[in-house]
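Chain by chain, the residues run as shown.
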Amino acid sequence: MLKENQKAPAFELDDDQGKKVSLGDFKGKDVVLYFYPKDMTPGCTQEACDFRDNWSAVKKKGAVVLGVSADPVKKHVAFREKYKLPFTLLSDEGKKMLKAYGVWQKKKFMGREFMGIVRTTLIIGKDGKIKKIWSPVSVKDHVKEVLENL
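Residues numbered from 1 in each chain as written. Predicted model: local features only at pLDDT ≥ 70, side-chain atom pairs only at ≥ 80, totals over all residues. Heavy atoms only, no water.

With respect to the nonpolar core
Reasoning step 1: Counting residues in each nonpolar core, the largest one holds 23 residues, and the members touching the most others are Phe11, Val31, Leu33, Phe35, Val68, Met97 and Tyr101.
Reasoning step 2: The set of elements that each furnish at least two residues to this core consists of β3 (30–35), β4 (63–69), α4 (96–100), β8 (120–124) and β9 (130–134).
Reasoning step 3: Setting aside its immediate chain neighbours within four residues, Tyr101 contacts Met1, Leu2, Ala8, Pro9, Phe11, Leu23, Leu33, Phe35, Leu122 and Ile124. (Core = buried A, V, L, I, M, F, W, Y, C linked by side-chain atoms within 4.5 Å. Buried < 20%, exposed > 50% of the residue type's maximum accessible area, 1.4 Å probe, protein only. Helix = DSSP H or I, 4+ residues; strand = E, 2+ residues; numbered from the N terminus. Contact = heavy atoms within 4.5 Å.)

Shown next, in the form of structure tokens:
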């Protein structure tokens, strides 16, 4: 797992518009990078909608939000449109970034073990270093915590 004050790993992924997005695109801005397990599931929908509902506060802080999961671009498009999400969703089907950020881990659910995304949020500062990490994330009031740390 990454640590605070460490340089954030570079990445380049497809966004929900089919464009390549890299961390370098956001030099000089704080980046809220949040990893979530799956589009259209209750916890992931709540988290995305909380970021949406606090979008003006995020923008006032001069930050950008990037959501990342292993879902394909097509699924991200449907998720973003259905919930009118104003921020970018990135697709990491190959799981390269998920592994680089240490969020692709062994999980347990109902007695079954499997590999999956541990819900995690990072704030990456203007200098490209990790300012804050939450892992695993509890969705309730999480966006409020993020805003307090921007």
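Moving on from the coordinates now.
Examining helix α5 (residues 142–149)
Reasoning step 1: Turning to α5, its buried residues are His142, Val143, Val146 and Leu147. For α5, the arc enclosing every buried residue in end-on projection is 140°, short of the 170-degree limit, so these residues lie on one face. Seen from the open side of α5, the exposed residues pointing more than 90 degrees away from its buried face are Lys144 and Glu148.
Reasoning step 2: Looking at the buried side of α5, the elements it contacts are β3, α1 (42–53), α2 (55–60), β8 and β9. (Arc of directions from axis to C-beta.)

Section: the packing of α1 against α5
Reasoning step 1: In contact at an axis separation of 9 Å, α1 and α5 are set at 45° when each is read in the N-to-C sense. Judged by the inter-axis angle, α1 sits oblique to α5. In this structure, α1 meets α5 at a crossing whose hand is right-handed. Contacts from Glu47, Asp50 and Phe51 of α1 reach α5 at His142, Val143 and Val146.
Reasoning step 2: Residues belonging to the contact of α1 with α5 are distributed by class as follows: three nonpolar, one polar and two charged. (Axes fitted to C-alpha atoms, helices over the stretch in contact; angles between N-to-C directions. Parallel < 35°, antiparallel > 145°, perpendicular 65-115°, else oblique. Left-handed = near helix turned anticlockwise from the far one by under 90°. Nonpolar A, V, L, I, M, F, W, Y, C, P; charged D, E, K, R; others polar.)

A short note on the pattern of salt bridges
Reasoning step 1: Applying the stated criterion to the full structure yields eleven salt bridges.
Reasoning step 2: Its salt-bridge partner being Asp16, residue Arg80 comes within 3.0 Å of it at the nearest N-O pair. Linking Arg80 in helix α3 (residues 73–83) with Asp16 in the loop between β1 (12–15) and β2 (20–22), this pair joins segments that are 64 residues apart in sequence. Take Arg80 and Asp16: they sit in the same class, and that class is buried.
Reasoning step 3: Residue Asp53 pairs with Arg52 through a salt bridge whose shortest N-O separation is 2.8 Å.
Reasoning step 4: Its relative accessible area of 52% is what places Asp53 among the exposed residues.
Reasoning step 5: Under the relative-accessibility criterion, Arg52 is labelled partly exposed at 27%.
Reasoning step 6: The structure contains a network of salt bridges with shared partners spanning Asp30, Lys126 and Lys131. (Salt bridge = Lys/Arg side-chain N within 4 Å of Asp/Glu carboxyl O.)

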